[in-house]
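Notes for the structure review
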Amino acid sequence: MAKKIVTALVGAAVLGLGATAAQADTLGDVKAKGFVQCGVNGSNLAGFGAQDSAGNWAGLDVDLCKAVAAAVFGDATKVKYTPLSAKDRFPALQSGEIDILARNTTWSVSRDSQLGFDFRAVNYYDGQGFMVKKELGVKSALELSGASVCVQSGTTTELNLADYFRANNMDFKPVVFEAQDEADAAYNAGRCDAYTTDASGLYSIRLKMANPDDHMVLPEIISKEPLGPAVRQNDSKWFDIVTWSHYAMVAAEEFGITTANVEEMKKSANPDIKRFLGEEADSTIGADLGLPKDWAVQIIKAVGNYGESFERNVGEGSPLKIARGLNGLWTKGGLQYAPPIR
């Protein structure tokens, strides 16, 4: 009898796993509804996820959403955006409300292992910093002992802040807000001496201040913040599509392929480029991913290569004017690197 019970339990578990796997078909769901539902920053974070007065979304994270839509549908406009707070972003992905979370979210072991998410691609290597008013006379974060610091709750930022001050034997007063807009307004109104979040976010928030030139980002970077898209676990097909959509943008930059020259580059004699652009007759890369043969071409036409997206959204061609730094290609001293597409 005991053996029969164990056999029955194992069988039920196998059936349960099979049901879970069968339900994990985000690509099929996306194709059925005709668009990708993308969770983005709900606080209009310039450079990453921001909506203009006409309702158009733009930013580095938004470009990733568009890249996925271009790969799947050949049409980057087939995206719907869900603005999310830091608190709401994880439940939205867990519940299936969104297909991708692309909201300047740090990849950490706890988020990878405890929340039921998968991370792999990093579309922006960041680190936490501090911003202060110049009139405060502070030149280093090590001079902030006793300061009040605005910070957003439910983020790795809050934890890093406490760790940094404790490690340096400094006191501080956290001024905590659930919404980023509330933290922005509080800092601008002088309710705290300093503001801390990812350095990229500080450059964006600085632009919202009444007088941006009155504020400065301090030189210290106190953490590693690899930002990238997250999807639900147990859906390897969708995970691969989101991941390789980013890597396709990086590979295009490595190959020197741009929005302007992608059609011309299809004539290249370089076998790696021909394979990447779907010009090799026997290439099955697109099919293996569950995508059309020209999936990479569609991404490049829609959003450009990674360098084009970076410069347009956060680099020298944008109001933020952030240097490539760690987000340069690996061949130029950065960390952006695409695995072989073959």
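Residues numbered from 1 in each chain as written. Predicted model: local features only at pLDDT ≥ 70, side-chain atom pairs only at ≥ 80, totals over all residues. Heavy atoms only, no water.

Some thoughts on the sheet that holds strand β10 (residues 172-177)
Across a sheet, strands are paired by hydrogen bonds formed along the backbone, either parallel or antiparallel in direction. As summarised here, the arrangement of the 5 strands in space is β10-β9-β11-β8-β12, forming an open sheet in which the pairing is mixed. One side of each edge strand has no neighbouring strand; the edge strands of this open sheet are β10 and β12 (215-217). Across this sheet, the average inter-strand angle for adjacent strands is 30 degrees, counted without regard to direction. Strand direction decides the pairing type here: strand β9 (residues 147-152) and β10, joined by 6 bridges, are parallel. What sits directly across from Val149, in β10, is Pro174. (Pairing = 2+ DSSP bridges. Helix = DSSP H or I, 4+ residues; strand = E, 2+ residues; numbered from the N terminus. Axes fitted to C-alpha atoms, helices over the stretch in contact; angles between N-to-C directions.)

Considering the environment of Val68
Along the chain, the position of Val68 falls in helix α3 (residues 60-73). Since its relative accessible area comes to 0%, Val68 is described here as buried. Between the C-alpha atom of Val68 and that of Lys266, which follows or precedes it by 198 residues, the distance is 21 Å. (Buried < 20%, exposed > 50% of the residue type's maximum accessible area, 1.4 Å probe, protein only.)

Points about the domain arrangement of the protein chain
When its domains are assigned, the protein chain resolves into domain 1 (2-125 + 227-235), domain 2 (128-223) and domain 3 (244-332). Here the C-alpha centroids of domain 2 and domain 3 sit 36 Å apart. (Domains from an automatic or database assignment.)

Things to note about the state of the cysteines
Evaluation of the coordinates by the stated rule reveals 2 disulfides. Put simply, Cys38 and Cys65 are joined by a disulfide, and their sulfur atoms are 1.8 Å apart. Taking the sign of the S-S torsion, -50 degrees for the link of Cys38 and Cys65, the bridge is left-handed. One end of the pair, Cys38, is in strand β1 (residues 36-41); the other, Cys65, is in helix α3, with 27 residues separating them in the sequence. (Disulfide = S-S within 2.5 Å.)

Brief notes about helix α7 (residues 180-188)
Buried residues of α7: Gln180, Ala183, Asp184, Ala186 and Tyr187, and no others. Looking down the long axis of α7, one finds its buried residues gathered within 165 degrees of arc, a one-sided arrangement. (Arc of directions from axis to C-beta.)

Quick word on the pattern of salt bridges
Summed over all chains, the structure comprises 14 salt bridges. Salt-bridge contacts for Lys87 lead to Glu178; the nearest nitrogen and oxygen are separated by 3.7 Å. Residue Lys87 is located in the loop between β4 (79-84) and α4 (89-95), and its partner Glu178 is located in the loop between β10 and α7; the two are separated by 91 residues in the primary sequence. A relative accessible area of 43% places Glu178 in the partly exposed class. Where Arg275 meets Glu280, a salt bridge forms, and the shortest distance between an N and an O atom there is 3.7 Å. Comparing Arg275 with Glu280 shows no difference in burial state: the two are buried. Among the charged side chains, a salt-bridge network with shared partners connects Asp272, Arg275, Glu280 and Arg342. (Salt bridge = Lys/Arg side-chain N within 4 Å of Asp/Glu carboxyl O.)

Section: the packing of helix α9 (residues 236-255) against helix α14 (residues 306-313)
Packing of α9 against α14 leaves a shortest axis separation of 6 Å and a crossing angle of 100 degrees. Relative to α14, α9 is oriented roughly perpendicular. Residues His246, Met249, Val250 and Glu253 of α9 form the contact with α14, whose participating residues are Tyr306, Gly307 and Ser309. Its residues placed into classes, the contact of α9 with α14 shows 3 nonpolar, 3 polar and 1 charged. (Parallel < 35°, antiparallel > 145°, perpendicular 65-115°, else oblique. Contact = heavy atoms within 4.5 Å. Nonpolar A, V, L, I, M, F, W, Y, C, P; charged D, E, K, R; others polar.)

As for the nonpolar core
Grouped together as the largest cluster of nonpolar side chains are 59 residues, with contacts concentrated most on Trp238, Ile257, Phe276, Leu277, Trp295 and Ile299. Considering each element in turn, this core owes the most residues, 11 residues, to α9. Split by domain, this core shows at least three residues from each of two domains, domain 1 (2-125 + 227-235) and domain 3 (244-332). Apart from the residues lying within four places of it in its own chain, the contact partners of Ile299 are Ala67, Ala70, Ala71, Ser245, Ala248, Met249 and Gly304. Counting residues in each nonpolar core, the second largest holds 15 residues, with Val132, Ala141, Leu144 and Met170 among its members. (Core = buried A, V, L, I, M, F, W, Y, C linked by side-chain atoms within 4.5 Å.)

Side note on the UniProt feature "domain: Solute-binding protein family 3/N-terminal" (unreviewed entry) in the protein chain
UniProt feature "domain: Solute-binding protein family 3/N-terminal" (unreviewed entry): in the numbering of this structure it lies at residues 35-265. Taken end to end, residues 35-265 has its terminal C-alpha atoms 29 Å apart, with 35% of it in helix and 24% in strand. (UniProt positions renumbered as here; feature names shortened; annotations may be inferred.)

Here we look at the layout of surface pockets
Of the voids in this model, the largest pocket is the one considered here, and its volume is about 280 Å³. Every residue lining the largest pocket is counted, 17 residues in all, and those nearest its centre are Tyr124, Asp126, Ala199, Ile221 and Ile322. Residue assignment for the lining of the largest pocket shows that the elements contributing at least two residues are β7 (124-126) and α8 (199-206). Its residues assigned to classes, the lining of the largest pocket comprises 11 nonpolar, 4 polar and 2 charged. Of the domains in this structure, domain 2 (128-223) and domain 3 (244-332) are the two that each give at least three residues to the lining of the largest pocket. (1 Å grid on protein atoms, 1.4 Å probe; cavity = no way out; pocket = protein on both sides within 12 Å on 5 of 7 lines; lining within 4 Å. Points joined across faces, edges and corners; volume = space filled by probe spheres on them.)

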